[in-house]
Amino acid sequence: MVDLNALGTLGFGAGAIGNLYRAMSEENAAETVRAAWDAGMRYFDTAPHYGFGLSEKRLGATLPEIDPGETSVLSTKVGRRLDPVPAGTDLGALRQGFVTPEPVQSVFDYSYDSIMRSYEASRRRLRRDRIDILYAHDIGRFTHGDDHPARFREFMDGGYRAMRELRDGGAVGAIGLGVNEYEICEEVLGEGDLDVVLLAGRYTLLEQDSLATFLPLCEKRDVKIVLGGPYNSGILAKGVRHGGELHYNYEPAPQAIIDRVGAIEDACAAHGVPMAAAALQFPLAHPQVVSVIPGMNSPRQVAEAVRLMGLAIPPALWSDLKERGLIRVDAPVPQPAPATL
C-alpha cells in the first residue's frame, strides 16, 4: 500500500509532456521532468491517453535515470485502450487534444480484459515492475453523456473488479478515479471502495460545490484527494484582466465565470497576492486533499509553480473572499505558514 499522505503537496502532472495541444521535443520533456525532480517533486501522474503513450514513454525514459531506486510515486490510468489509427491519418495534426507521432488513438474501454492489458502496457512504457496508483480515467456523465449508465456498469462489473485484483494482489498500491466530476465518485463509492480520487477542478478557488456532499463522504470513507486542474483550465492562472482567450472546463469561459474570476482577481490584487498562488494553495487546506498537480510544460513552469506554492498569503485575503461571497464560508483555508513540498 502506498502512503498517500506522503505524495508531497506539489506533484507533477505529465499531460503536457504528451504533447498536449502542441509538440514538445524529447529534450524539453526530459528537462522538465528533471526540473521537477530537482525541485523536490516525488509524485508523477500520467496516462496512456496523454499523447497516446508518449507521456508514459517519456517518463519511462527519464525517471529511471534520476530515480534508479524507484523512490518516486507514479500513477497512471486505465479505461482507454490504444488502437491503431486508420490508414492515412495525419500524425502531425491535433488529435484528441494532442500533437503526437504515436500511430494509435485512445478508445474508451472499461472491461476487465482491457484494464488488465492497459496496466501491462503502461508498465512496459513506464519501465516499472509496479505502478503505485492506478486510476480509472474519465468515467462519468460529463464525458459519456447518455452512454454513462452502460459505461458505469461496464466499469463496475469489469474494470473495477480488475483494479481490485491488481491492488489486492500487490501489483498496484492504490486504486481510484481520475475524473472531471465528483458526482461519479459518489456513484462508485455507493457500490465499492476507493483509496484516492484525482479530481480535475471541482474543488478550486473558483468552485467548491463538492464541499456539500462529496468531500464529507471522502472524510467518512478515508478517501484521499489529488487535485488536478487547480487553475480551472488556466483561467485562475492567467486571470481575466489582461485580454486573450479565456478557457474554463476546456471550453471558452462563459461570462458568469469571467465575472467571478475577475472579482477574485481584484481581491487578490488588493492583498498583493498573485491569484495563481491562491489557486494553487487553496485546495490543500482541506484535510482530504493530499497533493495538487498542475500541468507543467517547461522547467520555467516548474520553477514558477514552486515559487507560487511557497508564497505566504495573508489570512485577510481568505476572510475577504468569504465576506464577498467569492468562496464558501465553510471552505477550509490555508494557515499563514506557506505550504512546502
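Every value quoted in this text rests on a predicted model; they were computed, and no experiment measured them. (Residues numbered from 1 in each chain as written. Predicted model: local features only at pLDDT ≥ 70, side-chain atom pairs only at ≥ 80, totals over all residues. Heavy atoms only, no water.)

**Re the pairing of strand β12 (residues 289-293)**
Where burial is concerned, most of β12 is hidden: five out of the five residues are buried. Pairing analysis gives four bridges linking strand β9 (residues 224-228) to β12, with the strands arranged parallel. Bridging from a neighbouring strand, G228 pairs with I293 of β12. (Buried < 20%, exposed > 50% of the residue type's maximum accessible area, 1.4 Å probe, protein only. Helix = DSSP H or I, 4+ residues; strand = E, 2+ residues; numbered from the N terminus. Pairing = 2+ DSSP bridges.)

**Here's the deal with the packing of helix α2 (residues 54-66) against helix α3 (residues 112-126)**
Contact geometry of α2 with α3 gives a least axis separation of 7 Å together with a crossing angle of 45 degrees. The orientation of α2 relative to α3 falls into the category oblique. Contact residues: E56, K57, L59 and G60 in α2; S122, R125 and L126 in α3. Its residues assigned to classes, the contact of α2 with α3 shows two nonpolar, two polar and three charged. (Axes fitted to C-alpha atoms, helices over the stretch in contact; angles between N-to-C directions. Parallel < 35°, antiparallel > 145°, perpendicular 65-115°, else oblique. Contact = heavy atoms within 4.5 Å. Nonpolar A, V, L, I, M, F, W, Y, C, P; charged D, E, K, R; others polar.)

**Concerning the nonpolar core**
Side chains that are nonpolar tend, in soluble globular proteins, to be buried together. Judged by nonpolar contacts, the single largest core of 90 residues is most densely connected at F12, F155, L205 and F214. The element best represented in this core is helix α5 (residues 148-168), accounting for seven residues. What F155 contacts, discounting residues up to four positions off in sequence, is Y110, A136, I139, Y160, R161, M163, L177 and V188. Within the second largest apolar cluster, 13 residues are counted, among which are V2, L7, Y43 and V226. (Core = buried A, V, L, I, M, F, W, Y, C linked by side-chain atoms within 4.5 Å.)

**Section: the side chain of R167**
Mapped onto the fold, R167 is located in helix α5. A relative accessible area of 18% places R167 in the buried class. Within the structure, R167 has its side chain in polar contact with the side chain of D168 (distance 3.3 Å). Not counting the four nearest positions on each side in its chain, R167 is found in contact with V172, G173, A174, I175 and D195. (Polar contact = N/O pair within 3.5 Å; in protein donor to acceptor, adjacent residues only side chain to side chain.)

**Observations regarding the environment of R153**
Structurally, R153 is set in helix α5. In this structure the C-alpha to C-alpha distance between R153 and R127, which are 26 residues apart in sequence, comes to 32 Å. In this structure R153 touches G158 and E191, once residues within four positions along its chain are discounted.

**Observations regarding the sheet that holds strand β7 (residues 172-179)**
Strand order in this open sheet of eight strands is β1-β2-β3-β6-β7-β8-β9-β12, and the pairing throughout is parallel. Bordering the open sheet on either side are β1 (12-13) and β12, each of which pairs with just one other strand. The sheet contacts of α3 involve β3 (73-78), β6 (131-137) and β7, and relative to β3 the element is tilted by about 140 degrees.

**Examining the packing of α3 against α5**
Contact pair α3 / α5: the axes reach a minimum separation of 7 Å and the direction vectors enclose 45 degrees. Here α3 lies oblique to α5, going by the angle between them. Between α3 and α5 lies a crossing of right-handed hand. In this structure, α3 contributes Y112, I115, M116 and Y119 to the contact, and α5 contributes G158, G159, R161, A162, M163, E165 and L166. (Left-handed = near helix turned anticlockwise from the far one by under 90°.)

**Notes on unusual backbone geometry**
Residues other than glycine seldom take positive phi values, yet F52 does so here, at roughly 55 degrees. Summarising the element assignment, F52 is placed in the loop between β2 (43-45) and α2. The class of F52 is buried, set by a relative accessible area of 1%. Of note, D222 is a non-glycine position whose phi angle comes to about 55 degrees, a positive value. The residue D222 is located in the loop between α7 (214-221) and β9 in this model.

**Regarding the environment of I264**
Structurally, the position occupied by I264 is in helix α9 (residues 255-270). Taking the C-alpha atoms as reference points, I264 and S25, separated by 239 residues in sequence, lie 36 Å from one another. When neighbours within four sequence positions are excluded, I264 is seen to be in contact with L205, L206, M275, L321 and L326.

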